[in-house]
Amino acid sequence: MTMSVDFQKPFEAMQNLMNIQVAAITKSVEQQKKTGEELAAFFKSEVEKAKELKSPEDVIKFNVDTNKALFELLKGQGEAFTAIANEARESATSEFSKLSK
């Protein structure tokens, strides 16, 4: 008794998963570039602001404001990377669920 095995479905799934990986890596690299540019611009701007400080109170306020702004910038960047990871996870999960049908 000969039984033919259908390799097409697993092969297509493998291709789709690899495409998901390529897309996630591409988006991640683009996000890294954007993140680096944002951080560089942020620090350049803060250096310019620091040149205007005149009193200890100005320094303290500047330090607090800068740290808050940096935290928000980093938080936003982290959320962007999380979105990329979640999108890739959802796509891969969808692809795996197709295999069991």
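Up top you'll find the structure we're talking about.
In what follows, the accompanying structure is described. Only a predicted model underlies this, so the values are computations on that prediction, with no experimental measurement involved. (Residues numbered from 1 in each chain as written. Predicted model: local features only at pLDDT ≥ 70, side-chain atom pairs only at ≥ 80, totals over all residues. Heavy atoms only, no water.)

### Considerations on the overall build of the protein
So, step 1. Within the protein one finds two helices and zero strands.
So, step 2. Referenced to the eigenvectors of the C-alpha coordinate spread, the extents of the protein come out at roughly 90 × 20 × 10 Å.
So, step 3. Summed over all atoms, the accessible surface of the protein reaches about 8,000 Å², with 63% contributed by carbon and sulfur.
So, step 4. Averaging the positions of the 14 positive and the 16 negative side-chain charges in the protein gives two centres separated by 1 Å. (Helix = DSSP H or I, 4+ residues; strand = E, 2+ residues; numbered from the N terminus. Areas by Shrake-Rupley, 256 points an atom, 1.4 Å probe, with all protein chains shown as cover. Lys, Arg positive; Asp, Glu negative; His and termini not counted. Charge placed at Lys NZ, Arg CZ, Asp CG, Glu CD.)

### Let's talk about the pattern of salt bridges
So, step 1. Considering all chains together, one arrives at seven salt bridges under this definition.
So, step 2. Across the salt bridge formed by E46 and K49, the nearest N and O atoms sit 3.0 Å from each other. Of this pair, E46 and K49 both sit in helix α1 (residues 8-50), three residues apart, which is roughly one turn of the helix.
So, step 3. Notably, a salt bridge pairs R89 with E90, separated by 3.9 Å at the nearest N-O pair. (Salt bridge = Lys/Arg side-chain N within 4 Å of Asp/Glu carboxyl O.)

### A few points about the packing of aromatic side chains
So, step 1. Applying the stated criterion across every chain, the model contains one aromatic pair.
So, step 2. Measuring from ring centre to ring centre gives 5.2 Å for F42 and F43, while their planes differ by 80 degrees; the resulting arrangement is edge-to-face.
So, step 3. For F43, a relative accessible area of 43% gives the class partly exposed. (Phe/Tyr/Trp six-rings, centres within 6.5 Å; stacked < 30°, edge-to-face > 60°. Buried < 20%, exposed > 50% of the residue type's maximum accessible area, 1.4 Å probe, protein only.)

### Describing the side chain of Q77
So, step 1. Tracing the backbone shows Q77 in helix α2 (residues 56-99).
So, step 2. Judged by its relative accessible area of 5%, Q77 is buried.
So, step 3. Residues within four places of Q77 in sequence aside, it is in contact with T35, E38 and L39. (Contact = heavy atoms within 4.5 Å.)

### Looking at the nonpolar core
So, step 1. Among the nonpolar cores identified, the biggest contains five residues, and these are L17, I20, A24, A88 and A92.
So, step 2. For this core, the elements supplying multiple residues, two or more each, are α1 and α2.
So, step 3. Broken down by element, this core gets its largest block of residues, three residues, from α1.
So, step 4. Ignoring sequence-local partners within four residues, the contact set of A88 consists of I20 and A24. (Core = buried A, V, L, I, M, F, W, Y, C linked by side-chain atoms within 4.5 Å.)

### A short note on the side chain of S28
So, step 1. Turning to its location among the elements, S28 is positioned in helix α1.
So, step 2. Excluding residues within four positions of it along the chain, S28 makes contact with F81 and I84.

### Comments concerning the packing of α1 against α2
So, step 1. Two elements in contact, α1 and α2, have axes separated by 9 Å at closest approach and are oriented at 175 degrees. Judged on the interaxial angle alone, α2 and α1 are roughly antiparallel.
So, step 2. When its residues are assigned to classes, the contact of α1 with α2 shows 21 nonpolar, eight polar and eight charged. (Axes fitted to C-alpha atoms, helices over the stretch in contact; angles between N-to-C directions. Parallel < 35°, antiparallel > 145°, perpendicular 65-115°, else oblique. Nonpolar A, V, L, I, M, F, W, Y, C, P; charged D, E, K, R; others polar.)

### Quick look at α2
So, step 1. Taking 1.5 Å per residue, 44 residues should reach 64 Å; α2 reaches 64 Å between its end C-alpha atoms and fits that length.
So, step 2. Of the positions making up α2, those classed as buried are F62, T66, L70, Q77, I84, A88, A92 and E95.
So, step 3. Contacts from the buried residues of α2 go to α1. (Expected span 1.5 Å × (residues − 1).)

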